[in-house]
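Structure at a glance
Listed below, chain by chain, are the residues.
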Amino acid sequence: MQRQFRTVTAAFGVLVLLGAAGCGDGDSGGGKGGKLDMGIAVANISLNFAHEMVLGAESAADHAKNVDFQAVGPPNTDGPAEVQLFQNLTATAKDGIVLENLDPPIFTRPAAQAVDKGIPVVALDTSPTDGSKVGFYVGNDNYALGELMAKEALKRLGDDPEGEVAIGVPNPGTPVLDSRAKGIKDTFVKEAPNVRIVGPFQTYSDPGQNYSAWSAQVNAHPDALAFLGVGDADSYNLAKIKKQKNGKWLTAGFDVDPKTLEAVKDGSNFVAIDPQHFLKGYLSTAILIDSVRDNDGKLPDGWFLSPGGVVDSSDIDEIIARQKSPEAAYDWYKPTIDKLLGDQDAQLRPLKDAR
């Protein structure tokens, strides 16, 4: 699912990416069908997880029509740089913003300032902090996705496994990632008491740093049963290391970067856990647009639970086909999109329960 973005600004060492979705004449903001100026801010525009959220958001804006939509994000994970981009975005995307980030505390004040300006803000993928004045969040049950990864590993480790399982987290302190790691650890503690969990270790978002971090852990724990990461680069770097060392341990991570899908296809990784980022980007933006056009900008309250799933040998070809283009992704997700948007109350949970 590749798309070329045009770089229009290179300030603070970050990229500002423009995606015009459904541009056209019309009144600014408000009423049904009126032209809207909106956008999305993401933590790292270079990594697959954020790229897919952007593509999903742009697809929703395109289908809604008459929306000028801008996507911004730093080329590397850099919270302060994203804060600056988000603040710049509030000057142009006055009808609504979707905000994904990996450092919620530093976005508390900027998000609250945007809300005070009358800009509807939807939190995406990372739940908002209490003081942010953001009350609507679209995201996975990340603890459950961690449980899912652990259960898939246990299926392949046989009865009553004994040994070490290493867990890696790119950005410790990020609730989304910590919840995944906790789900993995708790499941092993409950279902495989003879397995010793080591970590979670910091593995970093940057692919180069991530590779070095995992190489160090593999060298430190050569007899481990499995190495499990909860981030994007974890998946393909673990597969790379396993191939280089002819490792017999299990490896897996999250997300569906093309290199990760290749690793599942060739059997290097036993699964990839798919948080379905395109879907989340689509849902958050579609609900934002509908709320502005149909409900005077009043968003729902709470956590809108978005699903995830397992990618393994049984469906890898289907997922590879889904990832060929935004259009293919939309076609694959459309039944789920229609179902979830058609009964939004069924997906709402208290914001305090987000994990």
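Treat the numbers as computed from the prediction; the structure is a model and nothing was measured. (Residues numbered from 1 in each chain as written. Predicted model: local features only at pLDDT ≥ 70, side-chain atom pairs only at ≥ 80, totals over all residues. Heavy atoms only, no water.)

1. Some points on the pairing of strand β5 (residues 96-99)
Burial along β5 is two-sided: the face carrying Gly96 and Val98 and the face carrying Ile97 and Leu99 are both buried. The pairing of strand β3 (residues 36-41) with β5 spans 4 bridges and is classified as parallel. Note on β5: the bridge partner recorded for Ile40 is Val98. Tracing the backbone out of β5, into helix α3 (residues 108-116) and back to the parallel element strand β6 (residues 121-124) gives a crossover that is right-handed. (Buried < 20%, exposed > 50% of the residue type's maximum accessible area, 1.4 Å probe, protein only. Helix = DSSP H or I, 4+ residues; strand = E, 2+ residues; numbered from the N terminus. Pairing = 2+ DSSP bridges. Right-handed = clockwise from strand over helix to strand, strands pointing away.)

2. Quick look at the side chain of Asp232
Positionally, Asp232 belongs in helix α7 (residues 232-245). No salt bridge is formed by the buried Asp232; its nearest oppositely charged neighbour, Lys259, is found at 6.8 Å. With sequence-adjacent residues up to four places away left out, Asp232 is seen in contact with Leu47, Asn48, Phe49, Phe254, Asp255, Asp257 and Thr260. (Lys, Arg positive; Asp, Glu negative; His and termini not counted. Salt bridge = Lys/Arg side-chain N within 4 Å of Asp/Glu carboxyl O. Contact = heavy atoms within 4.5 Å.)

3. Some words on the packing of aromatic side chains
On inspection of all chains with the given rule, the structure shows 7 aromatic pairs. Here Phe86 and Phe107 contribute two aromatic rings whose centre-to-centre distance is 6.3 Å and whose plane-to-plane angle is 70 degrees, an arrangement assigned as edge-to-face. Here Phe86 is found in helix α2 (residues 79-89), whereas its partner Phe107 is found in the loop between β5 and α3, with 21 residues between them in sequence. Considered together, Phe86 and Phe107 belong to a single accessibility category, that of buried residues. Seen in terms of ring centroids, Phe278 and Tyr333 are 5.7 Å apart; in terms of plane orientation they differ by 5 degrees. Their pairing is stacked. One end of the pair, Phe278, is in helix α9 (residues 277-294); the other, Tyr333, is in helix α11 (residues 326-342), and 55 residues separate them in sequence. In this pair, the class of Phe278 matches that of Tyr333, namely buried. Clustering of aromatic rings is evident, with ring pairs tying together Trp214, Phe227 and Trp249. Lys259 extends its terminal NZ or CZ atom over the ring of Tyr236, reaching a point 4.1 Å from the ring centre. When the ring centre of Trp332 is taken as origin, the NZ or CZ atom of Arg322, which lies over that ring, is 4.7 Å away. (Phe/Tyr/Trp six-rings, centres within 6.5 Å; stacked < 30°, edge-to-face > 60°. Lys NZ or Arg CZ within 6 Å of the ring centre and 35° of its normal.)

4. A word on the sheet that holds strand β8 (residues 163-169)
Taken together, the 6 strands give an open sheet; going across it, the order is β9-β8-β10-β11-β12-β14, and neighbouring strands pair in mixed fashion. Strands at the two margins of the open sheet, each flanked by one partner only, are β9 (195-202) and β14 (309-311). Between one strand and the next, the sheet's axes are offset by a mean angle of 20 degrees, whatever the strand orientation. Two strands pair when backbone bridges link them, and β8 and β9 are joined in this way by 6 bridges, in the parallel orientation. In the sheet register, Gly163 faces β9, and the bridge partner there is Val195. Against the sheet, helix α4 (residues 142-157) makes contact with β10 (226-229), β11 (250-254), β12 (272-274) and β14, and its axis sits at roughly 160 degrees relative to β11, the strand it touches most. Against the sheet, α7 makes contact with β8, β10 and β11, and its axis sits at roughly 160 degrees relative to β11, the strand it touches most. (Axes fitted to C-alpha atoms, helices over the stretch in contact; angles between N-to-C directions.)

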